[in-house]
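These are the residues of each chain, in order.
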Amino acid sequence: MTESPRPPTPVSAIADPAPLGLAAFALTTFLLSAKNAGWTDGTDAWLGYAFAYGGLVQLLAGMWEFRNRNVFGATAFATYGGFWIGLGLYVRWVAPTAAATAAATKANPEDLIQNDLGWILLAFAIFNTYMLLWSTQVTAAVFGVFLTLELTEIILFIGNFSHSSGTIKFGGWVGVLTAAVAWYTSAAGVVNGMDGRYSLPVGSPFGARRTVEASPVPQ
């Protein structure tokens, strides 16, 4: 009696979008964090990229992750794509109205904006907390991205609520570290997906069992 051949393992119709999404997140995070850290002398170089790269491209990566049936990646990329688009819209159209609101309430316009940003960052830190927990089941590199991002968001919402420029500047430094970890994870995803001679380690999910090869039995 012959065994029927096993059906071939289905192959995804599209390439892994995660390296693209991570690259978009990393670059936009780097530009904003460089400003928060006090490195830049310009205006808002990050703003256009919040719409086009960190926003639109990362959102597309999230949609492609849905196509790949990757719930974690789809949720992460789509949410942070929306984060960048929403932040860009806030800075471009909502924040300029702070002066009129401040005149009516006799408040400081900058304090109103920082209060808004504090609440935005707090909300995303809540989301990021459970994504940080679930990232332990992806890779160590992805966990590193969410861990540094969690620290960045916590430091920045504390800095904005307390109106502490020093705390916000420190959050900018941690944000640069977040961008560096995301860039590394993106680079690893690119080279590891090329099936070439080079690869970069990303680490195993926490709690994953390591396969130990048995020693050859002497004859």
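What counts, and where the lines are drawn
Residues numbered from 1 in each chain as written. Predicted model: local features only at pLDDT ≥ 70, side-chain atom pairs only at ≥ 80, totals over all residues. Heavy atoms only, no water. pLDDT = per-residue confidence, 0-100. Contact = heavy atoms within 4.5 Å. Helix = DSSP H or I, 4+ residues; strand = E, 2+ residues; numbered from the N terminus. Buried < 20%, exposed > 50% of the residue type's maximum accessible area, 1.4 Å probe, protein only. Lys, Arg positive; Asp, Glu negative; His and termini not counted. Salt bridge = Lys/Arg side-chain N within 4 Å of Asp/Glu carboxyl O. Phe/Tyr/Trp six-rings, centres within 6.5 Å; stacked < 30°, edge-to-face > 60°. Polar contact = N/O pair within 3.5 Å; in protein donor to acceptor, adjacent residues only side chain to side chain. Core = buried A, V, L, I, M, F, W, Y, C linked by side-chain atoms within 4.5 Å. Axes fitted to C-alpha atoms, helices over the stretch in contact; angles between N-to-C directions. Parallel < 35°, antiparallel > 145°, perpendicular 65-115°, else oblique. Left-handed = near helix turned anticlockwise from the far one by under 90°. Nonpolar A, V, L, I, M, F, W, Y, C, P; charged D, E, K, R; others polar. Patch = residues over 30% accessible without salt bridge, like charges linked within 9 Å, V, L, I, M, F, W, Y side chains within 5 Å. Areas by Shrake-Rupley, 256 points an atom, 1.4 Å probe, with all protein chains shown as cover.

### Brief notes about the confidence of the model for the protein
Consideration 1: With 89% of its residues at a pLDDT of 70 or more, the protein shows a mean pLDDT of 91.
Consideration 2: In the model, residues 211-219 has pLDDT below 50 throughout and makes zero contacts with residues more than four positions away in sequence or in other chains.

### Considerations on the side chain of Glu65
Consideration 1: As for its position among the elements, Glu65 is in helix α2 (residues 45-67).
Consideration 2: With no salt bridge to any partner, buried Glu65 finds its closest opposite charge in Arg67, at an N-O distance of 10 Å.
Consideration 3: Apart from residues no more than four positions distant in its own chain, Glu65 is found in contact with Asp16, Pro17, Ala18, Asn70, Gly73, Ala74 and Phe77.

### What about the packing of aromatic side chains?
Consideration 1: Scanning all chains against the criterion turns up 14 aromatic pairs.
Consideration 2: Aromatic pair Tyr80 and Phe124: ring centres 5.9 Å apart, planes at 40 degrees, arrangement tilted. Here Tyr80, found in helix α3 (residues 71-94), pairs with Phe124, found in helix α5 (residues 109-135); they are 44 residues apart in sequence, far enough to count as distant. Accessibility classification places Tyr80 together with Phe124 in one group, the buried group.
Consideration 3: Relative to Phe161, the ring of Trp119 has its centre 5.5 Å away and its plane inclined at 80 degrees; by these criteria the two rings are edge-to-face. A residue pair is termed long-range when its members are at least 10 positions apart, and Trp119 in helix α5 and Phe161 in helix α6 (residues 140-161) qualify at 42 residues.
Consideration 4: Given the relative accessible area of 29%, Phe161 is considered partly exposed.
Consideration 5: A connected cluster of aromatic rings, assembled from ring pairs, spans Phe25, Trp46, Tyr80, Phe83, Trp84, Phe124, Phe127 and Tyr130.

### Examining the side chain of Glu153
Consideration 1: Here Glu153 shows up in helix α6.
Consideration 2: For the buried Glu153, which has no salt bridge, the nearest side chain bearing the opposite charge is Lys35, at an N-O separation of 18 Å.
Consideration 3: Of the polar contacts made by the side chain of Glu153, one reaches the side chain of Tyr80; its length is 3.0 Å.

### A look at the nonpolar core
Consideration 1: Core analysis: the largest hydrophobic core is formed by 25 residues, its most contacted members being Phe25, Trp46, Tyr80, Trp84 and Phe146.
Consideration 2: It is α3 that provides the largest number of residues to this core, a total of seven residues.
Consideration 3: Excluding its chain neighbours within four sequence positions, the residues that come into contact with Phe25 are Gln58, Tyr80, Trp84, Val145, Leu149, Thr178 and Ala182.
Consideration 4: Counting residues in hydrophobic clusters, the runner-up holds five residues, among them Leu121, Ala125, Leu156 and Ile168.

### What to know about the packing of α5 against α6
Consideration 1: Closest axis-to-axis distance for the α5/α6 pair is 8 Å, and the angle between their directions is 155 degrees. Taken together, the axis directions place α5 and α6 in an arrangement best described as roughly antiparallel. For the crossing formed where α5 meets α6, the hand is left-handed.
Consideration 2: For the contact of α5 with α6, the class distribution of residues is 16 nonpolar, seven polar and two charged.

### So, a nonpolar patch on the surface
Consideration 1: Where nonpolar side chains cluster on the molecular surface, the patch consists of Leu20, Leu56, Leu60 and Trp64 and spans about 340 Å² of accessible area.
Consideration 2: Examining the composition of the nonpolar patch, we find that three residues originate from one element, α2, more than from any other.
Consideration 3: Secondary-structure assignment places Trp64 in helix α2.

### Remarks on the packing of helix α1 (residues 18-36) against helix α7 (residues 165-192)
Consideration 1: Taken N-terminus to C-terminus, the directions of α1 and α7 make an angle of 160 degrees; their axes are 8 Å apart at the nearest point. By the angle class used here, α1 and α7 are roughly antiparallel. In this structure, α1 meets α7 at a crossing whose hand is left-handed.

### Focus on the pattern of salt bridges
Consideration 1: Applying the stated criterion to the full structure yields one salt bridge.
Consideration 2: Across the pair Lys35 and Asp44 runs a salt bridge, and its minimum N-O distance is 2.2 Å.

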